[in-house]
Amino acid sequence: MHNQHINSIAIIGAGTMGNGIAHVCALSGFPVRLMDRSIEQLKIARQMIEKNLKRMAQKQRITPDQVHSTLARIQSYTDIKQAIVDVDIIVEVVPEQISVKKAVWNEIEQEIDPKRLKQTIFATNTSSISISALAQELIFPENMIGMHFFNPVPVMSLVEIILGEKTSEKTFKTVERLTSNLGKTPIRVHDFPGFVSNRILMPMINEAIYALYEGVAEKEAIDQVMTLGMAHPMGPLRLADFIGLDVCLNIMKVLHKGFQDDKYSPCPLLIEMVDEGHLGNKTGHGFYTYTV
Ligand SMILES: NC(=O)c1ccc[n+]([C@@H]2O[C@H](COP(=O)([O-])OP(=O)(O)OC[C@H]3O[C@@H](n4cnc5c(N)ncnc54)[C@H](O)[C@@H]3O)[C@@H](O)[C@H]2O)c1
């Protein structure tokens, strides 16, 4: 099964993950069309990419020329129709709500040049939504695939590649090769709730929250058991703060609903903290406190 050549990439959504994905695609030499409905977010994304590239140059991992050439490869758009002109793959990186993602894919199908629709790959960076469900109403569901990057994208080498029920082997091969060309490691997985990454990570985090909730140990102690005893680079409670407690709760709900198994019930302490708006690093309060 042959893979198809990728010449240019559109990225829809320029938030935390979108700007990181734009960074690695452009640094690897691909022309990138970065789209967000917020012009302000596009400016922030560009500043972030520039800052991160300059940091890499300071560490002599790239040259100052690469900083400029990488930035020059990224064009910004607020109009989705313009953003997807002549691209071979569209990577959707909008918020983790099925209605939002479906609306974006419907708009893309309406706005794309009909002659290109059959050959364009539709990739989604979802952390937990079913690829088959997202592909359900598409004209070419075989072109839809999960391309799950990890945060921070320029640093993390894994990309979990998720095949939906109808994803073609050609689509997989093309995305697998693209991922390698981005300097990342593609790992093939199937479309089950939480895929592999969150199916294993989130119950571990939820269990750490239960350990705190039930008074097994203080938060620092729980994290130290995992950093010192299991060689995890970061304890689960600090990691939960970094990911966002609202994101952790949503993924636990996806696992609970998807498997219909109470072993995935979110810990009451997690629910309470999210209700109180303590979401981790981004709000300044989670299991630890942060300056925002
Ligand atoms: N943050 C993480 O650690 C992480 C890790 C892996 C995967 N993900 C997944 O990546 C996706 C994006 O997450 P994020 O953290 O980057 O979110 P984010 O909120 O930082 O960014 C989302 C961006 O999408 C834009 N947007 C919203 N609706 C849009 C639309 N209709 N058209 C164009 N742009 C639109 C927003 O303006 C925002 O800039 C989610 O599916 C999430 O589950 C996130």
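Residues numbered from 1 in each chain as written. Predicted model: local features only at pLDDT ≥ 70, side-chain atom pairs only at ≥ 80, totals over all residues. Heavy atoms only, no water.

A. A look at the pairing of strand E7 (residues 158-163). Along E7, five of the six residues are buried, which leaves the element largely enclosed by surrounding structure. Bridge analysis of E7 against strand E8 (residues 185-190) gives six bridges, and the strand direction is parallel. Bridge pairing links isoleucine 161 to arginine 188 in E8. Following the backbone out of E7, through helix H8 (residues 169-181) and into the adjacent parallel E8, one traces a crossover that is right-handed. (Buried < 20%, exposed > 50% of the residue type's maximum accessible area, 1.4 Å probe, protein only. Helix = DSSP H or I, 4+ residues; strand = E, 2+ residues; numbered from the N terminus. Pairing = 2+ DSSP bridges. Right-handed = clockwise from strand over helix to strand, strands pointing away.)

B. Local environment of the pattern of salt bridges. Counted under the stated rule, the structure contains twelve salt bridges. A salt bridge links glutamate 137 to lysine 102; the nearest nitrogen and oxygen atoms lie 3.2 Å apart. Note that glutamate 137 is positioned in the loop between helix H7 (131-135) and strand E6 (144-149) and lysine 102 in helix H5 (residues 98-111), a separation of 35 residues in sequence. Between glutamate 169 and arginine 188 there is a salt bridge whose closest N-O contact spans 2.9 Å. Of this pair, glutamate 169 sits in helix H8 while arginine 188 sits in strand E8, placing them 19 residues apart in sequence. On the accessibility criterion, glutamate 169 (30% relative accessible area) is partly exposed. A relative accessible area of 37% places arginine 188 in the partly exposed class. (Salt bridge = Lys/Arg side-chain N within 4 Å of Asp/Glu carboxyl O.)

C. Representation of the site of the ligand in the model. The environment of the ligand is made up of 21 residues, and the closest members are Met17, Asp36, Glu96, Lys101 and Ser127. Take lysine 101: an N or O atom from its side chain is 2.8 Å from an oxygen atom of the ligand. A distance of 3.4 Å is found between an oxygen atom of the ligand and a side-chain nitrogen or oxygen belonging to asparagine 151. Out of a free accessible area of 830 Å², the ligand has 79% covered by protein chains. Within the residue set of the shell around the ligand, elements represented by two or more residues are helix H1 (16-27), H5 and E6. (Near = heavy atom within 4 Å. Polar contact = N/O pair within 3.5 Å; in protein donor to acceptor, adjacent residues only side chain to side chain. Areas by Shrake-Rupley, 256 points an atom, 1.4 Å probe, with all protein chains shown as cover.)

D. View of a positive patch on the surface. A cluster of basic residues, Lys51, Arg55, Lys59 and Arg61, forms a positive patch at the surface. Secondary-structure assignment places arginine 55 in helix H2 (residues 39-58). Relative accessible area serves as the criterion here: at 40%, arginine 55 is assigned to the partly exposed category. (Patch = residues over 30% accessible without salt bridge, like charges linked within 9 Å, V, L, I, M, F, W, Y side chains within 5 Å. Lys, Arg positive; Asp, Glu negative; His and termini not counted. Charge placed at Lys NZ, Arg CZ, Asp CG, Glu CD.)

Function cannot be read off these values alone, since they describe shape.
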